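Single-letter residue listing:
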Amino acid sequence: MTHSSSQHEQPPPAALPPFQTLLDSTNWASLATACGTGEALPAVLILLTDTDPVIRESALHDALGPVTHQNSIYEATVPVALYVAAILNHPAITAGDDNADAETPNPPTLVKLLDWLGDTAYDANDECVAIDERLYGAGIHDEQMRAFRDARPAIHSAVHPFLDHDNANVRHIALVAAIPLIEHPLLIQHQADLADHGRRLLATSTDRHHRDRVLDALNAWGHDTSSLENASDIAAREHYARLRAARESWEGGYSEAPPF
C-alpha cells in the first residue's frame, strides 16, 4: 500500500537540537548582528549556563542585545533563540527558579530568557507582519523574519513544559511567551490549552503586562472576556482606546505618518 500526503499538508516541525550541537554547528562569524558579525557570540552564549549568577547576568546583555537591537531580527537571532530555548532546562538556569517572583528586582536567568523569547516572538508575530505589509507592501519581510517564524515550533517545544511550573511567575511568563509562538499553523491545536492557562492567570495575577497579553489573545481567539476583566483591566482598555483614537486623529492630519 502506498501513502500519499496532501499537497497542503505541512511537514512536522524540526526538533530542537541539544544546545552544544547548536553552539558547535553554527557558523557564527558568518551571521550578521546589530554590531557586526556573531563571531563573539559562542563565548558569551556558553556563559549563560555558568553556575555563577553574576556571570550569567553579564552574559545576558552581551548575548541577547546584539541580536534583537531595536526590536529587529538579524541573521544571528534564530540560532541564538534556538540556543536559548535549548538551555531553558539546564540545571544552572533552573537552579534559582523557586525565587522567580514578579516583584524580584533581579529575576532569575530562567525568567529573563523566557521573557526574551516572548518579546522576540511578539516582534515576529502575525500582527507585526500585517502592520509591516500594510505600510510597506506584501512580501516586505526578509529572510531572517521568515526564519524565526519557521523556528517557532522548535522554540515552543522548550517553552511549553514551563506552563505547568510550580512557580506562578514562571508559568505566567511562559504563557506570555507561548501566545505568539502558537500562531504557527502547526501549533494552533494548543490554543484551547493556552486559553485555560490564561483564565487561571487572570484569576490570580496583577501584572499589567501579563494581563494585557492574555486578554488580547483570548479576544483574538473569540473568547468573551467580560467576566474575566477587573476594574484595572477596564481602565487600561479605556486608556488604550483613548490613545489609539488620539493617534489616529493626529495622523489623519498628515498625508503620511510623521518621520519621528
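Keep in mind that this is a model prediction, so the values were computed, not measured.

Enquirer: Explain the side chain of Thr77 to me, please; I cannot follow it from the model alone.
Expert: Structurally, Thr77 can be placed in helix α4 (residues 77–86). In this structure Thr77 comes out as buried when scored by relative accessible area, which is 0%. Here Thr77 is in contact with Val67, Thr68, Ser72, Trp116 and Thr120, once residues within four sequence places are set aside.

Enquirer: Would you take a moment to explain a nonpolar patch on the surface for this structure?
Expert: Nonpolar side chains collect at one region of the surface, where Ile46, Leu47 and Ile55 lie side by side and expose about 190 Å² of accessible area between them. Looking at the element boundaries, Ile46 is found in the loop between α2 (41–45) and α3 (53–64).

Enquirer: What exactly am I supposed to notice about the packing of aromatic side chains here?
Expert: The relative placement of two aromatic rings is captured by the distance of their centres and the angle of their planes. Under the criterion given, the structure shown has one aromatic pair. Summarising the aromatic geometry, the rings of Phe19 and Tyr83 are spaced 5.9 Å apart at their centres and angled 85 degrees between planes, so their arrangement reads as edge-to-face. Placement of the pair is Phe19 in helix α1 (residues 19–25) and Tyr83 in helix α4, with a sequence separation of 64 residues. The exposure class assigned to Phe19 is partly exposed, which follows from its relative accessible area of 21%. Over the aromatic face of Tyr122 sits the side chain of Arg213, whose NZ or CZ is 3.5 Å from the ring centroid.

Enquirer: Would you mind showing me how to read empty space enclosed by the protein here?
Expert: Sizing a probe to match a water molecule and rolling it over the atoms shows the empty space that remains. Taken as a whole, this structure holds one cavity of 30 Å³ or more when the rule is applied. One number sums up the size of the largest cavity: a volume of about 30 Å³. For the lining of the largest cavity, the secondary-structure elements that each account for two or more residues are α6 (109–123), α10 (168–181) and α12 (208–220).

Definitions and limits used
- Residues numbered from 1 in each chain as written.
- Predicted model: local features only at pLDDT ≥ 70, side-chain atom pairs only at ≥ 80, totals over all residues.
- Heavy atoms only, no water.
- Helix = DSSP H or I, 4+ residues; strand = E, 2+ residues; numbered from the N terminus.
- Buried < 20%, exposed > 50% of the residue type's maximum accessible area, 1.4 Å probe, protein only.
- Contact = heavy atoms within 4.5 Å.
- Patch = residues over 30% accessible without salt bridge, like charges linked within 9 Å, V, L, I, M, F, W, Y side chains within 5 Å.
- Areas by Shrake-Rupley, 256 points an atom, 1.4 Å probe, with all protein chains shown as cover.
- Salt bridge = Lys/Arg side-chain N within 4 Å of Asp/Glu carboxyl O.
- Phe/Tyr/Trp six-rings, centres within 6.5 Å; stacked < 30°, edge-to-face > 60°.
- Lys NZ or Arg CZ within 6 Å of the ring centre and 35° of its normal.
- 1 Å grid on protein atoms, 1.4 Å probe; cavity = no way out; pocket = protein on both sides within 12 Å on 5 of 7 lines; lining within 4 Å.
- Points joined across faces, edges and corners; volume = space filled by probe spheres on them.

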